[in-house]
Amino acid sequence: MRSQTFWRLSLAVLGMACHGVAGLGYWIDEDSCNPDMRNAVASAVERGLKMARAGVTNANNADRNPAGPEQKLIDNLFGEDPPNAADDKKIKNIIRNMWGGRFSRITRSTRKPSLSQTLDIVIYCDERRLKVRKSNPLKSFDTDTNVVVDTGDCIGAVAYVTLRGATDLRYNQLQICPAFMNVVLNSPFRTGDQLPTTFWSKMVSNFVTFVAKIFYTPIDATQLAEKVLLHELTHTEIGGDTEDVGGFFKAYGWKNCRTLSRTRGDEGGDKNADTWALYGSVSLLIQEQEKTVDTDTGNIIAITSVTARAIQAVKSAAGRWMNFVA
């Protein structure tokens, strides 16, 4: 089943090259994002793209050192049990095709696109442009693009994307929900109408933090802002056309992604956005800090401890073998 996903993603990459999809940039909306927000969002996006590039390096290093933490990460999030060499090769090719091409070259645009242009993504910091239609609350009129889109859900989400092609949009839209902006800004809620310090907004933010502590692991809270934005970017066609496999209670977090790693195809980890975001996040940890993730707990651990445990496991196995032959 994974081979079907591999060929679908490979053909998508090939199709984008053949059809010459325009635009290699992202624009941060100046009407909904104040200067501090724009700077914070740009830093988080660039860090997220750096995670993607680290993911490509991680795949290459895994080929060079199959016993290292890079291969262990791939096995944890995408691997079969027992290991399958053909499957492993395919997932590494997906990584290189998906993140080693145009996606890795996305840059920040210096001006807002016109409605006749195609830009990969426009990022918004609030939903004021969306006017819910009285005749159908599930649809909203986007005053920025003058098209009707699905009504977003910033009560139940920290961010979401509206994909071009599914609507009349000429480019993808990434919506950062106001309650999540304090994570992106790494500071308390700001005053002003762009990020109101309402009781409800604070409650939503506190609830997100509470849920994260109860249901998730340390790696899920690490590099959170950039990881969320990378997660959303993978939903786009240039990012891999991923899904939130299984919905809220199955698609997010290290534990759920480990469970999904045992499944293939459209219901598997290789199609799940948070799996890819975690892969990028840990890949960057390995390269920058020489740290990785404990398979069972999601705790962040030093790579030296992983190596030491691997050596101890080999010694233990050798000792058992010597006892057996003796």
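Shown above is the structure to which this text applies.
Residues numbered from 1 in each chain as written. Predicted model: local features only at pLDDT ≥ 70, side-chain atom pairs only at ≥ 80, totals over all residues. Heavy atoms only, no water.

### Quick notes on the sheet that holds strand S7 (residues 159–162)
Next up, step 1: Here five strands make up an open sheet; going across it, the order is S2-S1-S3-S8-S7 and the pairing mixed. What marks the edges here is a single partner per strand, and that holds for strand S2 (107–108) and S7.
Next up, step 2: Along the sheet face, helix H2 (residues 35–64) touches strand S1 (25–28), S2, strand S3 (121–124) and strand S8 (172–176) and points at about 155 degrees away from the line of S1. (Pairing = 2+ DSSP bridges. Helix = DSSP H or I, 4+ residues; strand = E, 2+ residues; numbered from the N terminus. Contact = heavy atoms within 4.5 Å. Axes fitted to C-alpha atoms, helices over the stretch in contact; angles between N-to-C directions.)

### Remarks on the packing of H2 against helix H4 (residues 85–99)
Next up, step 1: Where H2 contacts H4, the two axes come as close as 9 Å, and the packing angle between them is 150 degrees. Between H2 and H4, the interaxial angle falls into the category roughly antiparallel. Seen along the crossing, H2 lies across H4 with a hand that is left-handed. On the side of H2, the interface is formed by Met51, Ala52, Gly55, Val56, Ala59, Asn60, Ala62 and Asp63, while H4 contributes Lys92, Ile95, Arg96 and Trp99.
Next up, step 2: Of the residues that constitute the contact of H2 with H4, the class distribution is seven nonpolar, two polar and three charged. (Parallel < 35°, antiparallel > 145°, perpendicular 65-115°, else oblique. Left-handed = near helix turned anticlockwise from the far one by under 90°. Nonpolar A, V, L, I, M, F, W, Y, C, P; charged D, E, K, R; others polar.)

### Thoughts on the side chain of Asp274
Next up, step 1: Note on placement: Asp274 falls in helix H11 (residues 273–289).
Next up, step 2: Among the polar contacts made by the side chain of Asp274, one reaches the side chain of His231 at a distance of 2.9 Å.
Next up, step 3: Non-local contacts of Asp274, meaning those with residues more than four positions away in its chain, are made with His231, Ala251, Tyr252, Gly253 and Cys257. (Polar contact = N/O pair within 3.5 Å; in protein donor to acceptor, adjacent residues only side chain to side chain.)

### As for the sheet that holds strand S4 (residues 130–133)
Next up, step 1: Judged by pairing direction, the sheet is antiparallel, and its three strands sit side by side in the order S4-S5-S6 without closing on themselves. Both outer strands of the open sheet, S4 and strand S6 (147–150), are each paired with one neighbouring strand and no more. Between one strand axis and the next, the sheet turns by 40 degrees as a mean value, whatever way the strands run.
Next up, step 2: Where S4 lies against strand S5 (residues 136–142), four bridges are found, and the strand directions are antiparallel. For Arg133, the partnering residue across the bridge sits in S5 and is Asn136.

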